[in-house]
Amino acid sequence: MKKFILLISFVAMFAKPAFASCNYSDMCAPKAYDLSSRGCQVTSNITGMTFLTEKIAQSIIKGELKKATKEKFKVEMKSYSANDLMHGRFKFLKLSGKNLEIDGAYLTSLEIKTLCGFNYVELDKNSIKFKENMAMEFDLEISDIDLKKTIQSSGYLTRLNKINLSGMGITFFKLNGADVQVKNNKLYFTIKVTSPMSTKPILIVVRSDLKVEEGRIVMTKLDFVNLFTVIDLSKVTYLLNALNPLTFSTDILNNKNSKMSIQDVNIIGDRIFIKGNVFIPKNVN
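Owing to the predicted nature of the structure, the values given are computational and were not obtained by experimental measurement. (Residues numbered from 1 in each chain as written. Predicted model: local features only at pLDDT ≥ 70, side-chain atom pairs only at ≥ 80, totals over all residues. Heavy atoms only, no water.)

A. Molecular detail of helix H3 (residues 49-69). Taking 1.5 Å of rise per residue, the 21 residues of H3 would be expected to cover 30 Å, and the 30 Å separating its terminal C-alpha atoms lies within 8% of that figure. Every buried residue belonging to H3 is among Thr50, Thr53, Glu54, Ala57, Gln58, Ile61, Glu64, Leu65 and Thr69, and all of these are buried. Down the axis, H3 shows its buried residues gathered within 140° of arc, on one side only. Where H3 terminates, the next one or two residues include lysine 70, which has phi positive at roughly 65°. (Helix = DSSP H or I, 4+ residues; strand = E, 2+ residues; numbered from the N terminus. Expected span 1.5 Å × (residues − 1). Buried < 20%, exposed > 50% of the residue type's maximum accessible area, 1.4 Å probe, protein only. Arc of directions from axis to C-beta.)

Below you can see the structure in the form of structure tokens.
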């Protein structure tokens with residue numbers, strides 16, 4: 001059971017982006033099956049075995065998540081009976097944590113919970129197989145401070161500093177620094193540009209809203225805060241979305257065997273709220 005719980009926890013947290021807005025709950029199993037008899041379920045509940053097994057499962061998940069992430073999570077799990085949970089059949093799983101740092105991404109809060117009323121994983125000595133599709137939803141809250149920490153620690157600046165515009169062997173400009181700020185319901189993006197034509201770095205400050213497009217977070221309604229309005233906004237939009245710092249924050253939900261789709265994003269004051277879904281297809285090992 002320990003291996004099963006670990007897999008559920010971590011696959012939910014590392015899903016491959018699927019660039020489409022999907023409601024994966026439509027892909028849940030149509031009905032539960034292979035469950036213990038109604039009498040066994042009642043007995044398990046009356047004797048407290050279901051409750052005890054759920055508590056043991058929750059404790060195992062908390063401990064393993066702590067080992068892997070160094071962070072504290074709250075865990076809630078509901079099953080049909082002790083026997084069903086031991087065999088990978090359960091009703092509900094929710095993981096939540098506050099003030100987290102996972103793989104260089106800083107989050108004010110993260111909550112992940114299953115959407116299907118019936119979840120089924122087949123246990124084996126050497127492998128674990130999802131016998132049914134599993135759909136989960138997540139909620140992320142990212143503050144201004146979180147986002148600043150993320151771009152400093154996630155390798156974001158290293159990637160940005162490799163970008164330059166050149167032609168005929170001449171470098172026209174090079175990006176060598178960036179800052180981000182969330183305030184007044186907007187995202188402010190500052191890029192530091194160096195050029196052979198200028199002795200001082202040029203700061204370009206862009207203000208934007210955020211929206212969901214094909215399951216991804218993109219910047220929209222861009223306008224310049226400072227005076228450099230001669231730059232083609234369409235090209236800046238493409239560049240900024242290619243370097244979108246929120247991609248680094250949601251990359252903790254990335255895995256080759258699963259899919260992730262952003263459903264909604266909102267900026268309120270100095271915080272960003274993101275909702276999305278994770279889909280784990282059946283027969284994945």
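B. Structural context of the sheet that holds strand S6 (residues 119-123). Reading across the sheet, the three strands line up as S3-S6-S7 and stay open at both edges, with antiparallel pairing between neighbours. Only two strands of the sheet have a single neighbouring strand rather than two, namely strand S3 (89-90) and strand S7 (128-130). (Pairing = 2+ DSSP bridges.)

C. Region of interest: a positive patch on the surface. A contiguous patch of positive charge on the surface is contributed by Arg38, Lys55, Lys62, Lys74, Lys78, Lys91 and Lys98. The set of elements that each furnish at least two residues to the positive patch consists of H3 and strand S2 (74-78). Relative to the assigned elements, lysine 98 resides in strand S4 (residues 92-102). Lysine 98 gets classed as exposed once you look at its relative accessible area, which sits at 63%. (Patch = residues over 30% accessible without salt bridge, like charges linked within 9 Å, V, L, I, M, F, W, Y side chains within 5 Å. Areas by Shrake-Rupley, 256 points an atom, 1.4 Å probe, with all protein chains shown as cover. Salt bridge = Lys/Arg side-chain N within 4 Å of Asp/Glu carboxyl O. Lys, Arg positive; Asp, Glu negative; His and termini not counted. Charge placed at Lys NZ, Arg CZ, Asp CG, Glu CD.)

D. Structural context of the pairing of strand S8 (residues 134-143). With eight of ten residues buried, S8 is to be regarded as a mostly interior element. For strand S5 (residues 105-114) and S8, the ladder comprises six bridges, and the chain directions are antiparallel. Bridging across to S8, isoleucine 112 finds its partner in phenylalanine 138. Inspection of the sheet shows S8 paired to strand S15 (residues 271-280) by ten bridges, in the antiparallel sense. Each residue of the ladder has a partner; that of glutamate 141, found in S15, is phenylalanine 273.

E. Spotlight on a nonpolar patch on the surface. Among the surface-exposed residues, Met49, Leu52 and Ile56 lie close enough to one another that they form a single nonpolar patch of about 260 Å² accessible area. Here leucine 52 lies in helix H3.

F. Representation of the pattern of salt bridges in the model. Considering all chains together, one arrives at ten salt bridges under this definition. Lysine 113 is the partner of glutamate 137 in a salt bridge, and the nearest nitrogen-oxygen pair spans 3.5 Å. Linking glutamate 137 in strand S8 with lysine 113 in strand S5, this pair joins segments that are 24 residues apart in sequence. Residue class for lysine 113 comes out partly exposed when judged on its relative accessible area of 24%. The partner of lysine 186 in a salt bridge is aspartate 209, and the shortest N-O contact between them spans 2.6 Å. Here aspartate 209 lies in strand S12 (residues 202-213) and lysine 186 lies in strand S11 (residues 186-194), a separation of 23 residues in the sequence.

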